[in-house]
Amino acid sequence: MNIILAWRNLWRNKRRTLITVASVFFGVLLSTIISSMQEGSYSSMVDNVVKFYSGYIQVQNEEYWDNKTLNNSMEPSQVLLDQVTSVKEVTHVTSRLESFALASSHTITKGAMVSGVVPDKENEITQLKKWVVEGSFFSENDQGVLVGSELAKYLKMGVGDTLVLLGSGYHGVSAAGKFPIRGILNFPNPELNKQSVYMDLKVCQEFFSADNLVSSLIVMVKDQYDMPAVFKKLKAKISAPYAVLSWDEMQPELVQLIDSDRAGGQVMIAVLYILIGFGIFSTIMMLVAERTREMGVMVAIGMQKSKLAITMFLETVYIGIIGVLAGFAGSIPIIIYFYNNPISLQGGAAAAMTEMGIEPYMYFTLQPSVFYRQAIIVFAITSVVALYPLFMSAKLKVNQALKA
Amino acid sequence: MSIIKVNKLSKIYDGAEIPVRAVDGVDLAFEQGEFTAVVGPSGSGKTTFLNAVGGLDRPTSGEVIIDDVDIWQLSGRKLIDFRLHNIGFVFQAYNLIPVMTAKENVEFIMELQGRSKEERFDRTKSLLEAVGLGERLNSRPNKLSGGQQQRVAVARALASKPKFILADEPTANLDSKSTETLLDIMETLNKEENITFIFSTHDARVMKKARRIVTMEDGKILSDERK
Ligand SMILES: Nc1ncnc2c1ncn2[C@@H]1O[C@H](COP(=O)(O)OP(=O)(O)O)[C@@H](O)[C@H]1O
Ligand SMILES: [Mg+2]
């Protein structure tokens with residue numbers, strides 16, 4: 001009865017109801033599109049950054065993160081590897097050994113960051129191969145190296161030349177070696193181009209006298225939404241001397257960037273919803289005012305005020321529900337379109353993103369949270385607004401209402 | 001035995017400079033099956049009196065006892081429930097819920113009482129037939145004339161099987177023909193079903209139909225005559 005009564009009451013003033021519903025509609029439409037774009041962009045930023053190098057999760061010696069030296073590298077036990085691969089959401093695992101060395105040609109010397117990787121596995125995760133602009137990629141046990149384009153230019157070397165690396169290996173043993181250059185890497189990030197040297201993991205371990213040692217295990221999952229669960233599982237399984245790190249611990253700047261940007265969007269959405277809230281409130285206020293007599297009659301003949309309040313509450317909720325559903329109906333096709341056809345960015349922003357290894361596209365997400373958040377917000381607003389009729393029916397004086 | 005006993009009932013409005021004694025120490029009793037008109041000039045206290053008897057407006061002092069219940073001792077929710085189960089109301093105008101049909105308006109009160117669907121359905125039909133609206137079950141109030149609306153209100157008042165029906169100037173907004181129809185219906189219900197009616201009016205033709213006439217002036221009972 002309440003349900004029907006509320007529904008019919010809703011359409012007594014069609015125009016007003018439609019205007020109110022329309023305000024909710026536009027609010028939800030804009031908010032879902034904005035959040036979808038924001039969250040989509042963030043997740044693509046994260047995916048890009050993560051896939052570019054760090055991976056979603058790393059397992060390291062617990063000392064390594066604070067002091068990245070060879071001496072803090074680890075020898076991953078079979079047990080550890082099994083623990084990682086036994087988590088079913090884990091898609092890839094690979095090992096890296098990283099350290100610094102001096103790279104030189106005949107006369108020129110420069111500091112370089114040497115990464116020992118498992119070529120095929122590394123390529124699956126970071127698509128290293130795609131940055132090779134000259135020469136070729138390498139394979140396992142290959143004695144050759146890949147060199148960043150700027151570094152190669154600085155050393156005046158090219159494919160086929162022999163790079164000399166000098167450094168200190170595990171526990172201070174001196175490391176020296178000659179490596180033929182197989183290919184030149186050109187990353188979008190110039191910093192990387194200035195210092196990268198890639199070689200096969202085994203070759204690298206030999207070079208640094210660090211047999212079987214690695215700096216970290218790179219663990220990949222499908223996407224960032226899978227990450228927290230996997231992270232928790234790994235954290236529970238793996239204990240000292242190993243440490244498990246998530247991408248957000250490894251990329252605090254990115255987290256900060258996203259958080260501050262997200263906060264901006266949320267302020268905008270909050271302002272939007274406050275306006276909508278006042279719109280609904282004024283409608284409900286008018287609605288209560290013009291029905292005073294009717295409310296008086298209903299309570300007079302024996303309707304409890306609480307039932308009356310529920311009816312009005314439902315009216316408010318209907319406005320919210322219709323608005324939200326209409327908003328979704330409007331935004332879902334738009335979001336799906338942009339999900340499939342991300343907006344390509346131009347100019348400075350695009351260049352800056354490319355430099356950070358992020359594709360210059362505005363991505364949209366279809367994450368359910370983008371939608372159910374709006375539903376929750378609208379429901380919260382309507383609930384707060386519905387306190388007004390609740391309050392008004394509670395303090396209704398029947399004899400006075402009947403005179404209205 | 002009286003179904004309503006009113007003892008030393010007073011309602012004083014303090015708002016103005018001089019307090020208004022809208023109802024001033026009224027003692028009165030109503031019997032089952034009576035057909036009573038409360039009459040008096042405008043401002044004599046009829047509405048205030050009926051509202052106090054009907055549990056709608058709290059008196060300043062005195063008691064209203066309906067079937068041994070001192071109604072003004074009941075808490076808010078209990079008083080509303082008491083009205084629902086014991087008193088039928090017909091107001092001057094705009095009695096009905098505009099978004100509900102005649103049938104639904106009558107059913108509504110039985111639904112509040114928690115009566116079964118079948119009972120509601122049967123009773124609604126027979127009541128609307130009794131007030132001559134068997135053909136207008138599915139009309140909304142705005143499609144009914146003022147007189148028809150008041151007849152639906154009477155049907156609704158009866159639907160809850162109350163002990164009595166209070167009607168404050170039920171004919172005030174009606175033309176003479178509708179007034180006559182409504183009163184005939186009320187009279188028939190009173191005679192045939194022994195329904196107790198207490199209604200107020202300042203219309204002489206309406207007064208004539210009553211079998212008991214309580215005349216008020218300045219909140220006091222001036223006379224109380226039975227025919
Ligand atoms: N809410 C109120 N505040 C102050 N005075 C009132 C109020 N309601 C009624 N009165 C006064 O009480 C008296 C009786 O009014 P009422 O019961 O409405 O008379 P009637 O129904 O016979 O016309 C009148 O003098 C009226 O002005
Ligand atoms: Mg009156």
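Residues numbered from 1 in each chain as written. Chains lettered and ligands numbered in written order. Predicted model: local features only at pLDDT ≥ 70, side-chain atom pairs only at ≥ 80, totals over all residues. Heavy atoms only, no water.

## Some points on the packing of helix 3 (residues 102-113) of chain B against helix 4 (residues 117-130) of chain B
All names here are of chain B. Condition: Interaxial angle, 0 to 180 degrees, is taken between N-to-C directions of lines fitted to C-alpha atoms, where a helix line uses only the stretch in contact. In DSSP terms, a helix is any run of H or I states spanning at least four residues, a strand is any run of E spanning at least two, and both are numbered starting from the N terminus. Throughout, the term roughly parallel applies to angles under 35 degrees, roughly antiparallel to angles over 145, roughly perpendicular to angles from 65 to 115, and oblique to all others. The hand of a helix crossing depends on one turn: near helix anticlockwise from the far one by less than a right angle means left-handed, and clockwise means right-handed. In what follows, a contact means two residues having at least one pair of non-hydrogen atoms within 4.5 Å. Charged means Asp, Glu, Lys or Arg here, nonpolar means Ala, Val, Leu, Ile, Met, Phe, Trp, Tyr, Cys or Pro, and polar covers whatever is left, Gly included.
The geometry of helix 3 relative to helix 4 is characterised by a closest axis approach of 9 Å and an angle of 130° between their N-to-C directions. Judged by the inter-axis angle, helix 3 sits oblique to helix 4. In this structure, helix 3 meets helix 4 at a crossing whose hand is right-handed. On the side of helix 3, the interface is formed by Ala 102, Lys 103, Val 106, Glu 107, Met 110 and Glu 111, while helix 4 contributes Arg 120, Arg 123, Thr 124, Leu 127 and Leu 128. By residue class, the composition of the contact of helix 3 with helix 4 is five nonpolar, one polar and five charged.

## Brief notes about the site of ligand 1
Counted only if it meets this: Consider each residue's heavy atoms; a residue with any of them within 4 Å of a molecule or strand counts as near. Residues adjacent in sequence count toward polar contacts only when both atoms are side-chain atoms; beyond that, a polar contact is any pair of N or O atoms within 3.5 Å, and within protein one must be able to donate a hydrogen and the other to accept it. Using a 1.4 Å probe, the Shrake-Rupley method yields the accessible areas, and only the shown protein chains count as cover for residues.
For ligand 1, the full set of nearby residues is Lys403(A), Tyr13(B), Val20(B), Ala22(B), Pro41(B), Ser42(B), Gly43(B), Ser44(B), Gly45(B), Lys46(B), Thr47(B) and Thr48(B). Neighbouring residues of ligand 1 are not confined to one chain but are distributed across chains A and B. Between ligand 1 and Tyr13(B), the relevant distance is 3.5 Å, taken from a nitrogen atom to a side-chain nitrogen or oxygen of the residue. Taking Gly45(B), its main chain carries an N or O atom lying 3.0 Å from an oxygen atom of ligand 1. Contact with the protein chains removes 65% of the 560 Å² of surface that ligand 1 exposes when unbound. Of all elements in the fold, only strand 2 (20-31) and helix 1 (46-53) of chain B reach the threshold of two or more residues within the shell around ligand 1. Top element by residues in the shell around ligand 1 is helix 1 of chain B. It accounts for three residues. In the shell around ligand 1, the residues fall into four nonpolar, six polar and two charged.

## Some details on the packing of aromatic side chains
Residues and elements named next belong to chain A. Using the following cut-off: Pairing of aromatic side chains here covers Phe, Tyr and the six-membered ring of Trp, requires ring centres within 6.5 Å, and sorts the geometry by plane angle: under 30 degrees stacked, over 60 edge-to-face, intermediate tilted. Here's how the labels work: a residue is buried when its accessible area is under 20% of the maximum for its type, exposed when over 50%, partly exposed in between, all with a 1.4 Å probe on protein chains only.
Counted by the stated rule, this structure contains 16 aromatic pairs over all chains. Considering the side-chain rings of Phe 187 and Tyr 198, the 6.3 Å spacing of their centres and the 45° angle between planes classify their relative orientation as tilted. One end of the pair, Phe 187, is in the loop between strand 7 (174-185) and helix 6 (190-195); the other, Tyr 198, is in strand 8 (residues 196-200), and eleven residues separate them in sequence. Like Tyr 198, Phe 187 is buried. Taking the centre distance of 5.3 Å and the plane angle of 80° together, the rings of Phe 281 and Tyr 388 count as edge-to-face. A residue pair is termed long-range when its members are at least 10 positions apart, and Phe 281 in helix 10 (residues 252-290) and Tyr 388 in helix 15 (residues 387-394) qualify at 107 residues.

## Considerations on the nonpolar core
Here is the rule: Here, nonpolar core means buried Ala, Val, Leu, Ile, Met, Phe, Trp, Tyr and Cys residues that are tied together by side-chain atoms lying within 4.5 Å of each other.
In this structure, Ile4(B), Phe49(B), Phe108(B), Leu128(B), Phe164(B) and Phe199(B) are the most contacted members of the largest nonpolar core, which totals 113 residues. Dropping the residues within four chain positions of it, Phe164(B) is found in contact with Ile3(B), Ile4(B), Val53(B), Ile66(B), Asn86(B), Ile87(B), Gly88(B), Thr196(B) and Ile198(B). Core analysis: the second largest hydrophobic core is formed by 61 residues, Tyr42(A), Val145(A), Leu151(A) and Phe208(A) among them.

## A closer look at the pattern of salt bridges
As a reminder, the rule being used: Note on definitions: salt bridges are taken to be side-chain nitrogens of Lys or Arg within 4 Å of carboxyl oxygens of Asp or Glu.
Under the counting rule described, the total for this entry stands at 30 salt bridges over all chains. Where Glu294(A) meets Arg12(A), a salt bridge forms, and the shortest distance between an N and an O atom there is 2.7 Å. Highlighted residues: Glu294(A) in helix 11 (residues 292-301) and Arg12(A) in the loop between helix 1 (2-10) and helix 2 (14-54), separated in sequence by 282 residues. Classification of Glu294(A) by relative accessible area gives buried; the value is 10%. Assessed through its relative accessible area of 35%, Arg12(A) is described here as partly exposed. Note that Lys46(B) and Glu169(B) form a salt bridge whose closest N and O atoms lie 4.0 Å from each other. Here Lys46(B) is found in helix 1, whereas its partner Glu169(B) is found in the loop between strand 7 (164-168) and helix 6 (176-193), with 123 residues between them in sequence. Just as Lys46(B) is buried, Glu169(B) falls in that class too. By sharing partners, the salt bridges in this structure join Glu34(B), Arg212(B), Asp224(B) and Arg226(B) into a single network.

## Comments concerning the environment of Ile165(B)
Residues and elements named next belong to chain B. Structurally, Ile 165 can be placed in strand 7. Relative accessible area serves as the criterion here: at 0%, Ile 165 is assigned to the buried category. Put simply, Ile 165 and Phe 199 are 34 residues apart on the chain and 8.0 Å apart in space, counted from C-alpha to C-alpha. Excluding residues that lie within four positions of it along the chain, Ile 165 makes contacts with Gly 88, Val 90, Ala 157, Leu 158, Ile 195, Thr 196, Phe 197 and Ile 198.

## Describing the pairing of strand 1 (residues 2-13) of chain B
Residue and element names in this part refer to chain B. Rules: DSSP-based pairing: two strands are paired if at least 2 bridges between them are found.
Alignment of strand 1 against strand 2, held across eight bridges, turns out to be antiparallel. Residue pairing across strands places Leu 9 opposite Val 26, the latter belonging to strand 2. Once strand 1 ends, the chain turns through six residues before running back antiparallel as strand 2. Bridge count for strand 1 against strand 4 (residues 61-66) is five bridges, and the pairing is antiparallel. Looking across to strand 4, one finds that Lys 5 is bridged to Ile 65.

## Focus: helix 12 (residues 305-340) of chain A
Structural remark: α-helix, 3.6 residues per turn; residues separated by three or four positions point the same way. We count it as follows: The span you would expect from a helix comes to 1.5 Å times its residue count less one. Bend at a given residue is defined as the angle between two axes, one fitted to the seven residues that end at that position and one fitted to the seven that begin there.
Helix length check: helix 12 of chain A (36 residues) gives 52 Å between terminal C-alpha atoms against 52 Å at 1.5 Å per residue, within 8%. Of all bends in helix 12 of chain A, the biggest is about 30°, found at Ser331(A), and the proline Pro333(A) comes one to four residues later.

## Some points on the confidence of the model for chain B
So the rule is basically this: Confidence scores per residue from the predictor, reported as pLDDT, run from 0 to 100.
Mean pLDDT for chain B: 93, with 100% of residues reaching 70 or above. Quick note on the complex model: pTM equals 0.76, ipTM equals 0.94.

## Topic: the confidence of the model for chain A
Per-residue pLDDT for chain A has a mean of 87; in total, 100% of the residues score no lower than 70. The weakest mean pLDDT in chain A belongs to helix 13 (residues 347-355) of chain A at 76; the strongest belongs to helix 11 of chain A at 93.

## Examining the sheet that holds strand 6 (residues 87-90) of chain B
Residues and elements named next belong to chain B. Within the open sheet, the six strands sit side by side as 6-7-8-3-9-10. Their pairing is mixed. The sheet is open, and its two edges are formed by strand 6 and strand 10 (220-226), each paired on a single side. This sheet shows a mean twist of 20° between the axes of neighbouring strands, independent of strand direction. Contacting strand 6 and strand 7, helix 5 (residues 146-159) runs over the sheet at an angle of about 170° to strand 6. The sheet strands contacting helix 6 are strand 3 (35-39) and strand 8 (197-201), and the helix crosses strand 8 at an angle near 155°.

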